[in-house]
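Okay, here's what each chain looks like letter by letter:
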Amino acid sequence: MADRSQSSEGTSGAVIMPRHVAIIMDGNGRWAAERGLPRTLGHRSGVDAVRRTVQAAIDLKIPYITLYSFSSENWSRPQGEIDDLMGLMKRFIRCDLAELHQNNVRVMVIGERDNIDAEMRALIDEACELTRQNTRLTLVIAFNYGARGEITRAARRIAEDVAAGRLAPTDITSEHLSDALDTGGVPDPELLIRTSGERRLSNFLLWQCAYTEFVFLDAYWPDFGRELLLEAITQYRARERRFGGLARRSTA
Ligand code: IPE
Ligand code: IPE
Ligand code: MG
């Protein structure tokens, strides 16, 4: 189980890099529309922003990043756009997997696997299997992901343990739930970034973000990269995380 008790503060009290940054990559369509381009070109430019972000996370020694790439609600988009997004995800794995592996990046995919096509499932399995032992950065891709679905599946798994007599209902702890989620073993994000000026979670990491700091940026996702990541981290560092306690100056 991951050590969730360790905060992002060093022993000196100085805030170091967040261990886990989660990002809602939003605004591809508006980025394209502003340029008179079809939405699909916005998504294509979004993949370049993904590459820049992964590189920046490696350079900045951030051990975990989670990218929201396709939500369980995104199936309600026009079929043509869904096909474009599926094609880009497949191409990303095909083109980038070898380099990610070379860079010692572990790929993890969270979300529902049952209702995706066999080719996609095989690519995802290959990416996760090949990079399973890598240690430099864990790149968590939230694909066909919705937090309510994830929590429901976790509850089902725990209920199966109870029904089989492996677990008593009174012994269920929040750690059981954390571990039964798709993110089991991954520390909760300290920082969540959403681009495009929208200020909502859109069914992303509802359980894991209980004490996460949120940074909302107006920039559209295709314009994201190292600089905006650093800007978000600067905002995060200026926050005081109290976890229900008192402000530092109140305890002096
Ligand atoms: C984010 O950009 C990509 C996905 C949700 C897959 P959008 O496609 O949501 O872009 P906007 O929000 O319409 O600008
Ligand atoms: C959230 O963005 C999902 C992803 C970024 C993959 P959406 O664009 O789908 O969210 P809403 O519809 O604006 O809430
Ligand atoms: Mg959007």
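Right, let's walk through the structure included here. Since this is a predicted model, take the numbers as computed values, not measurements.

Rules and cut-offs
Residues numbered from 1 in each chain as written. Chains lettered and ligands numbered in written order. Predicted model: local features only at pLDDT ≥ 70, side-chain atom pairs only at ≥ 80, totals over all residues. Heavy atoms only, no water. Helix = DSSP H or I, 4+ residues; strand = E, 2+ residues; numbered from the N terminus. Buried < 20%, exposed > 50% of the residue type's maximum accessible area, 1.4 Å probe, protein only. Contact = heavy atoms within 4.5 Å. Lys, Arg positive; Asp, Glu negative; His and termini not counted. Charge placed at Lys NZ, Arg CZ, Asp CG, Glu CD. Pairing = 2+ DSSP bridges. Axes fitted to C-alpha atoms, helices over the stretch in contact; angles between N-to-C directions. Near = heavy atom within 4 Å. Polar contact = N/O pair within 3.5 Å; in protein donor to acceptor, adjacent residues only side chain to side chain. Areas by Shrake-Rupley, 256 points an atom, 1.4 Å probe, with all protein chains shown as cover. Nonpolar A, V, L, I, M, F, W, Y, C, P; charged D, E, K, R; others polar. Expected span 1.5 Å × (residues − 1). Arc of directions from axis to C-beta.

Assigned secondary structure in the chain consists of eight helices and six strands. Taken from the N to the C terminus, the helices and strands of the chain come in the order β-α-α-β-α-β-α-β-α-α-β-β-α-α. If you line up the chain on its principal axes, its C-alpha atoms span 55 × 50 × 35 Å. Counting all 252 residues of the chain, 47% fall into the buried class. Taking as baseline every contact in the chain between residues at least 6 positions apart, the subset at least 24 positions apart corresponds to 75%. Counting 33 positive and 35 negative side-chain charges, the chain places the centres of these two groups 3 Å from one another.

Here we take up the sheet that holds strand β5 (residues 191-194). Taken together, six strands build an open sheet; the order of strands is β3-β4-β2-β1-β5-β6 and the sheet is parallel. Each of the sheet's edge strands pairs with one partner strand only, and the pair in question is β3 (105-110) and β6 (213-216). Direction aside, the axes of adjacent strands within the sheet are offset by 20° on average. In this sheet, strand β4 (residues 137-145) lies alongside strand β2 (residues 64-71) in parallel orientation, the contact comprising seven bridges. Note on β4: the bridge partner recorded for Ile-65 is Leu-139. Against the sheet, helix α3 (residues 79-102) engages β2, β3 and β4, with an angle of about 165° to β4.

Glancing now at the site of ligand 1. In the region of ligand 1, 13 residues are neighbours, and Asp-26, Gly-29, Arg-30, Arg-39 and Arg-77 sit closest. A distance of 3.2 Å is found between an oxygen atom of ligand 1 and a backbone nitrogen or oxygen belonging to Asn-28. Measuring from an oxygen atom of ligand 1, one finds a side-chain N or O atom of Arg-39 at 2.9 Å. The protein chains hide 87% of the 380 Å² of surface that ligand 1 would expose on its own. Sorting the residues of the shell around ligand 1 by element identifies α1 (28-34), α2 (39-59) and α3 as the ones contributing at least two each. If one sorts the elements of the shell around ligand 1 by residue count, α1 sits on top with three residues. Split into classes, the residues belonging to the shell around ligand 1 amount to two nonpolar, six polar and five charged.

On to helix α7 (residues 226-237). Look at α7: 16 Å from first C-alpha to last across 12 residues, which is about the 16 Å you get at 1.5 Å a residue. Those residues of α7 not exposed but buried are Leu-228, Leu-229, Ala-232, Ile-233 and Tyr-236. In a view along the axis of α7, the buried residues occupy a sector of 145°, so they form one face of it. Every exposed residue of α7 that faces more than 90 degrees away from the buried side is listed here: Glu-227 and Thr-234. Buried positions along α7 lie against β1 (20-24), α2, β5 and β6.

Taken together, the neighbourhood of ligand 2 is formed by Ile-24, Met-25, Asp-26, Tyr-68, Ser-69, Phe-70, Asn-74, Arg-77, Arg-194, Arg-200 and Ser-202. Between an oxygen atom of ligand 2 and a side-chain N or O atom of Asp-26, the distance comes to 3.2 Å. The contact in question runs from an oxygen atom of ligand 2 to an N or O atom on the side chain of Arg-194, over 3.3 Å. Compared with its free state, where it exposes 390 Å², ligand 2 has 77% of that area covered by protein. In terms of residue count, β2 provides more of the shell around ligand 2 than any other element does, three residues in total. Looking at the shell around ligand 2 residue by residue, the classes come out as four nonpolar, three polar and four charged.

Everything listed is a geometric property; what it means functionally is a separate question.
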